[in-house]
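# Structural overview
Residue-level listing of the chains:
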Amino acid sequence: MIPAVLLRVDAELGYRWQAWFNDSFEYVQNTVHFTLDPTRASGYSIFLKILEPLHSFAVVTILQHLMGLAVAVMIYALLRHRYRAPAWLATLAAVPVLYDGFEIQLEHLILSDVPLLFLLVLATTMLLWNPEGPSLRTCAAVGLLLGIADCFRAVGLPLLAVFAVFMIIRRVSWRKVAAAIVLCLIPVAAYAGLFDLEHGQFAMSDATGVFLYARVMTFAECSKMHVPDDELALCTTVPPDKRPIAQDYIWTSQTPLDTFSPSKFSPVPDQLAEKFAVQAIEAQPLGYAKAVFNDTWRVFRWKRTIFPNAQTYDEYVFGYHSVPIPAWDNAPGKYGSYAADYVQGNPRTKIVAPFANIIRGYQRYVWVPGTVYGLILLLGAGGILLDWRRLGGDALLPWTISFALIVIPAATAEFDYRYVLPAVPFACLAAVMAFSQETAGGRLVRRLAGQRRRGAVVAAGPEPGASPEPAASPEPAARVSRGISGGAGQPSAPAVGSGDDQGDFTADGT
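Below you will find a few notes about this structure. On a predicted model such as this, the values are computed, not experimentally measured, just so you know.

Looking only at helices and strands, one finds 23 helices and 2 strands in the chain. Every one of the 510 residues in the chain was classed for burial, and the buried ones make up 50%. Of the contacts formed within the chain by residues at least 6 apart in sequence, a portion of 74% connects residues at least 24 apart. Carbon and sulfur atoms form 64% of the exposed surface of the chain, whose accessible area is close to 24,400 Å².

Structure follows, in C-alpha cells:
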C-alpha cells in the first residue's frame, strides 16, 4: 500500500495539480455556470461544484487518488472478512487498482470515472459484507449509491438490473429488493426532473439516441430498412466499409445529425436518432452484433493501440507537455476561461521534474494488458461455472458488473480505453471469490492440492531406517466416517462423490 501511496504523491508533485482530457473542460464549464450538460450526466459537475469554494484542482485529484486507494482497501477487506481469502491472494486482487499506471493517471484526470468506480465498489462491498445477507437498510443504501452513480455516468442505471437480479437469485426478500430499486430511482428521477425543466425532456441527457445512432452508423444501410420521411436525412450513401469510426458521427461536422437545428443534442434530433438506430438494429441484427463484438474484443488486446486518434490517446498518458486550454473554453470575466475561473488562477498543468519523469516512466512499463484482464475474467467465469448448483455464487455479481462495464459502452456508443479501467477491479474480485473456501471452485483447488501433497509423499518414500507401520485392522464403516468428520462423537459424513457439497467439503480435510 505504501508504494501505491507514494506513486500517487509523485503524480501530484509531477503534474500539478491535474491532468486534462477533452471532456474535462466541459465538466468544469458546466460547473462554473452550473447547467446540466445535454450530452452526458452532470453528477461529476455537481461534485466539482461542491468543491468549487476551495478553488483548487489539487483537492479534486487528491480525493480521486484516495478513492482509488479506498477501492483497493474494500476489495482486500471484503475478500479477507467475507470470503476468508489468504492475505497474499486478497492483496493480489487489489494490485491492479493500486499499481496500474493508467489507473493512477485516470485518478489524476478531471473525469467522472474514478468516482463511479468508487461508488460501485462501495455498493458491492456493502451488499456482500454480511454472511447472513444484507439488511433492509443496507439494501436501501446500495440502491441510493447506484442512483448517485447513474448521475455520474449513464451506465449506472443498467447496473441496477444486475444488482436486482443478483439479489433475487440469492433469495433476498422482495422488500429489500424493492427498497434498493426505489432508493436508486429517487436521485435518478430528481435529476431527470431538473433536466426536463432546463432542456424540455425527462431524461438524463439529450444524447442517448445520438450515441446509439453513431453506434449503428458503422453498418446501417437504409436500403435494408423502412425509413420514415422525417428520418431520411439521417441516411448516408457512403458504403459501410468506407465510413469513419462511430464517434465521428457524434463530434465531427460531417455527421447527418448536424442538419438539425439548433443542435443535435436537443429532444427532437435525439428522439429521431434513437428511432433510426432501433430500426437499424432490427433490420441488421448481425451487423449490430458484429460491431459490438469488435469493440468489445478490442479490450482484450495485449498492447494498447492509438485509438480513436493520437490526440485522444495522448491524453491518457502522463505527457511531456501541458495540455493547452481549448479556445472554445472562453468565458466572460477577467479569467478568460472557465477552467481558470474555477481555480481563479492559471489552470494549466505544471510539469515538474524529477517527479514527472518518474511517474511517466512508470506508466510506460507498469499496467495491466488487455489480455491479462481477459484471462482474469475467464478465470472468474470458470469458477462461476463450477459453482453452477448455486447459480455461480456471490462471484456472479462482480463478474457481471465487470463484463457489463465493457459491453454496455460498446453496445450503446463506442469503445474507449478509460471505460476498461473500472472493470478490472471487479474481475479480480470475482476471480478470487469464485475459488473461495465455500465454493465448488475452492473445493476443487483444495482437492488438487491435497492430491499433489499425497503424490509428493508417496514419491519420496519412507525415511531411511524407519520401521514399517503395522497394518491397520479393519474398522467398521461408521468409525471410519467419524474419523473423516473430525473424531469420535461427531456425526458421520456423507461419502465422497455422493453429490453432497458438505461431503466434498469435509473429505478435503477442511
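After presenting the structure, the write-up continues.
So, about the pattern of salt bridges. This structure, assessed with the given rule, holds 16 salt bridges. Among the ionic pairs, Glu107 bridges to Arg8, the shortest N-O distance being 2.8 Å. Placement of the pair is Glu107 in helix α6 (residues 101-108) and Arg8 in helix α1 (residues 2-14), with a sequence separation of 99 residues. Using a relative accessible area of 0% as the deciding quantity, one classes Glu107 as buried. Among the ionic pairs, Arg40 bridges to Asp37, the shortest N-O distance being 3.4 Å. In this structure, Arg40 and Asp37 share a single accessibility class: buried. In the salt-bridge network here, residues are joined through shared partners; they are Asp23, Glu26, Asp37, Arg40, Asp113, Arg153 and Arg418.

Turning our eyes to something else, we now look at empty space enclosed by the protein. A probe as big as a water molecule, rolled over the atoms, marks out the empty space that is left. Tallied over the entire structure, the rule returns 5 cavities of 30 Å³ or more. For the largest cavity, the calculated volume is near 150 Å³. Taken together, 16 residues make up the lining of the largest cavity; nearest its centre are Val299, Arg304, Val368, Gly370 and Val420. Looking at side-chain class alone, the lining of the largest cavity contains 10 nonpolar, 1 polar and 5 charged residues.

With that out of the way, let us pick up the packing of helix α18 (residues 370-386) against helix α19 (residues 396-412). As a packed pair, α18 and α19 sit with axes 10 Å apart at the nearest point and diverge in direction by 140°. Here α19 runs oblique to α18, going by the angle between their axes. In this structure, α18 crosses over α19, and the sense of that crossing is left-handed. Facing α18, whose interface residues are Tyr373, Leu377, Gly380, Ala381 and Ile384, α19 presents Leu396, Trp399, Ser402, Phe403 and Ile406. Broken down by class, the residue content of the contact of α18 with α19 amounts to 8 nonpolar, 2 polar and no charged.

Next up on the list: the layout of surface pockets. One number sums up the size of the second largest pocket: a volume of about 490 Å³. Going through the elements one at a time, α5 (87-99), α18, α20 (423-433) and α21 (440-460) are the ones with two or more residues in the lining of the second largest pocket. Counting residues per element, the lining of the second largest pocket draws most heavily on α5, at 6 residues. For the lining of the second largest pocket, the class distribution of residues is 16 nonpolar, 3 polar and 2 charged.

Assignment of secondary structure puts Ile281 in helix α13 (residues 267-283). Spatially, the C-alpha atoms of Ile281 and Val216 are 7.2 Å apart, while their sequence positions differ by 65 residues. For Ile281, the contacting residues outside a window of four places in its chain are Leu212, Val216 and Tyr288.

The first and last C-alpha atoms of α13 sit 24 Å apart over 17 residues, in line with the 24 Å expected at 1.5 Å per residue. Contacts made by the buried residues of α13 are with α11 (208-216).

Take the state of the cysteines next. If you walk through the whole model with that rule in mind, you get 1 disulfide. Each sulfur in the disulfide pair Cys222 and Cys235 lies 2.0 Å from the other. Because the sign of the S-S torsion sets the handedness, a value of about -100° for the bond joining Cys222 and Cys235 places this disulfide among the left-handed ones. Of this pair, Cys222 sits in the loop between α11 and α12 (248-251) while Cys235 is found in the loop between α11 and α12, placing the two residues 13 residues apart along the sequence. Owing to a relative accessible area of 22%, Cys235 belongs among the partly exposed residues under this scheme. Cys184 takes part in no disulfide bond, and the closest cysteine sulfur, belonging to Cys151, lies 8.7 Å away.

Moving on, we get to the packing of aromatic side chains. According to the stated counting rule, one finds 23 aromatic pairs in the structure shown. With a centroid separation of 5.1 Å and 85° between ring planes, the pair formed by Trp20 and Phe57 is classed as edge-to-face. Linking Trp20 in the loop between β1 (15-16) and α2 (22-32) with Phe57 in helix α4 (residues 57-81), this pair joins segments that are 37 residues apart in sequence. We note that Trp20, like Phe57, is buried. Relative to Phe152, the ring of Tyr44 has its centre 6.5 Å away and its plane inclined at 65°; by these criteria the two rings are edge-to-face. Placement of the pair is Tyr44 in helix α3 (residues 43-51) and Phe152 in helix α8 (residues 136-152), with a sequence separation of 108 residues.

This brings us to α11. With respect to burial, α11 is a largely interior element, 8 of its 9 residues being buried. Of the residues making up α11, those classed as buried are Gly209, Val210, Phe211, Leu212, Tyr213, Ala214, Arg215 and Val216.

Here the focus is unusual backbone geometry. Geometrically, the link from Phe307 to Pro308 is a cis peptide bond, its omega value of -5° lying close to zero. Here Pro308 is to be found in the loop between α14 (285-297) and α15 (310-314). Here the amide bond leading from Ala353 into Pro354 is cis, since omega sits at 0°, within 30 degrees of zero. If you trace the backbone, Pro354 turns up in the loop between β2 (350-351) and α17 (355-365). Of note in this structure, Phe34 is not a glycine but carries a positive phi near 45°. For Phe34, the position within the fold is in the loop between α2 and α3. Relative accessible area serves as the criterion here: at 45%, Phe34 is assigned to the partly exposed category.

This paragraph deals with the side chain of Ser436. Counting through the fold element by element, Ser436 comes out in the loop between α20 and α21. When its relative accessible area of 9% is taken as the criterion, Ser436 is described as buried. Excluding its chain neighbours within four sequence positions, the residues that come into contact with Ser436 are Tyr83, Gly442 and Arg446.

Rules behind the numbers
- Residues numbered from 1 in each chain as written.
- Predicted model: local features only at pLDDT ≥ 70, side-chain atom pairs only at ≥ 80, totals over all residues.
- Heavy atoms only, no water.
- Helix = DSSP H or I, 4+ residues; strand = E, 2+ residues; numbered from the N terminus.
- Buried < 20%, exposed > 50% of the residue type's maximum accessible area, 1.4 Å probe, protein only.
- Contact = heavy atoms within 4.5 Å.
- Areas by Shrake-Rupley, 256 points an atom, 1.4 Å probe, with all protein chains shown as cover.
- Salt bridge = Lys/Arg side-chain N within 4 Å of Asp/Glu carboxyl O.
- 1 Å grid on protein atoms, 1.4 Å probe; cavity = no way out; pocket = protein on both sides within 12 Å on 5 of 7 lines; lining within 4 Å.
- Points joined across faces, edges and corners; volume = space filled by probe spheres on them.
- Nonpolar A, V, L, I, M, F, W, Y, C, P; charged D, E, K, R; others polar.
- Axes fitted to C-alpha atoms, helices over the stretch in contact; angles between N-to-C directions.
- Parallel < 35°, antiparallel > 145°, perpendicular 65-115°, else oblique.
- Left-handed = near helix turned anticlockwise from the far one by under 90°.
- Expected span 1.5 Å × (residues − 1).
- Disulfide = S-S within 2.5 Å.
- Phe/Tyr/Trp six-rings, centres within 6.5 Å; stacked < 30°, edge-to-face > 60°.

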